[in-house]
Amino acid sequence: GWLLGLTGEKAEAPKVGGQFSEGLVGSPLHLNPLLAPANDVDMDLSRIIYAGLLKFDEQLNLGPDLAESFPEIKNGGKEYIVKLRANLTWHDGQALTADDVVFTYELIQNPDLQSPLRLSWNRVEVEKLDERTVRLVTREASASFLSNLTVGLLPKHIWENVPVESFALSKFNLEPVGAGPYKVAEIKRGRGGEVKSMSLKTFPRYHGGGPFLKTVIFKFYETADELIEAYQGREVGAVGYI
């Protein structure tokens, strides 16, 4: 259909549905926002499978994601009060609460996890105020601290029984449960068990109703040459990291 633009000109409205495929060089290892920064492919997928309290928009402006609004900043920029949106759920239907926020941030701080994000969190106290509210206290004021709240949250009910030293080996790294706009629908593997492709579908309970594009398929290639050949052969509609 068509919408009348603010200028009076006709502008085509986006339609819900459709499928997009992208080829990437490499293979997913840890679809886990606490470990993903070490791998470009992991980061690409984690960004749409998981959601954080805040997010960057297309203009790189920081705004709420799972948070109901921008954090309340107190104590000279050292204290942040963040309230979650109401009725949030994980991809598996479990409720997402302040317990998940505290669990994720304390996990980042755990030296045994060796998360690439730890340095940004090693002087932060995290406290649950109620089921939807957390308080973060930093040792010193920092204008850049809020960007740390874009890190994707992990579901406590899935990860709490995984020993920290075994995190990198857990099956949940390739069977991710997040709260982002897309959830994993299908994984195809090669004979050696390597992931060849991963199909993601929209998560209908993502706040705001989810994205317009219904299905996103990522296909993984060992080399840039293989990826370019696949693109030229129309195996994928777009390429990454070229």
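The following refers to the structure shown. Fair warning: this is a prediction, and the values are worked out from it, not measured in the lab. (Residues numbered from 1 in each chain as written. Predicted model: local features only at pLDDT ≥ 70, side-chain atom pairs only at ≥ 80, totals over all residues. Heavy atoms only, no water.)

Considerations on a negative patch on the surface
Test applied: Exposure above 30% relative accessible area and the lack of any salt bridge qualify a residue for a patch; like charges then connect within 9 Å, and the nonpolar side chains Val, Leu, Ile, Met, Phe, Trp and Tyr within 5 Å. All accessible areas in this document rest on Shrake-Rupley with a 1.4 Å probe, and a residue is counted as covered only by the protein chains that are shown. Within this document, salt bridges are pairs made up of a side-chain nitrogen of Lys or Arg and a carboxyl oxygen of Asp or Glu, the two lying within 4 Å of each other. Under the convention used here, Asp and Glu are negative, Lys and Arg are positive, and both His and the chain ends fall outside the count. By convention, charge coordinates are those of NZ in Lys, CZ in Arg, CG in Asp, or CD in Glu. Think of it this way: any DSSP run of H or I at least four residues long counts as a helix, any run of E at least two long counts as a strand, and we number them from the N terminus.
A cluster of acidic residues, E194, E222, D225, E226, E229 and E235, forms a negative patch on the protein surface. Assignment of secondary structure puts E229 in helix α4 (residues 224-232).

Some points on the sheet that holds strand β9 (residues 133-138)
Our working definition: A pair of strands is considered paired only if DSSP assigns at least 2 bridges between the two. Inter-axis angles, ranging from 0 to 180 degrees, are taken between N-to-C directions of lines fitted to C-alpha atoms, where helices are fitted over the stretch in contact. Contact criterion: two residues are considered in contact whenever any of their non-hydrogen atoms come within 4.5 Å of each other.
Here four strands make up an open sheet; going across it, the order is β6-β7-β9-β8 and the pairing antiparallel. What marks the edges here is a single partner per strand, and that holds for β6 (72-74) and β8 (124-130). Neighbouring strand axes in the sheet, compared pairwise and without regard to direction, differ in orientation by 20 degrees on average. Sheet contacts for helix α2 (residues 98-109): β8 and β9; angle to β8, the most-contacted strand, approximately 170 degrees.

Brief notes about the environment of R123
Inspection of the secondary structure puts R123 in the loop between α2 and β8. For the pair R123 and R139, spaced 16 residues apart in sequence, the C-alpha separation works out to 5.9 Å. Dropping the residues within four chain positions of it, R123 is found in contact with V137, T138, R139 and E140.

What about the pattern of salt bridges?
Worth spelling out the cut-off: Each residue is placed in one exposure class: buried if its accessible area under a 1.4 Å probe, protein chains only, is under 20% of its type's maximum, exposed if it is over 50%, and partly exposed if it falls in between.
In total, this model carries five salt bridges according to the counting rule given. Between R135 and E127 there is a salt bridge, and its shortest N-O distance comes to 2.6 Å. E131 is paired through a salt bridge with K128; the nearest N and O atoms lie 2.5 Å apart. Classification of E131 as partly exposed rests on a relative accessible area of 42%.

Just distances and angles here, no functional claims.
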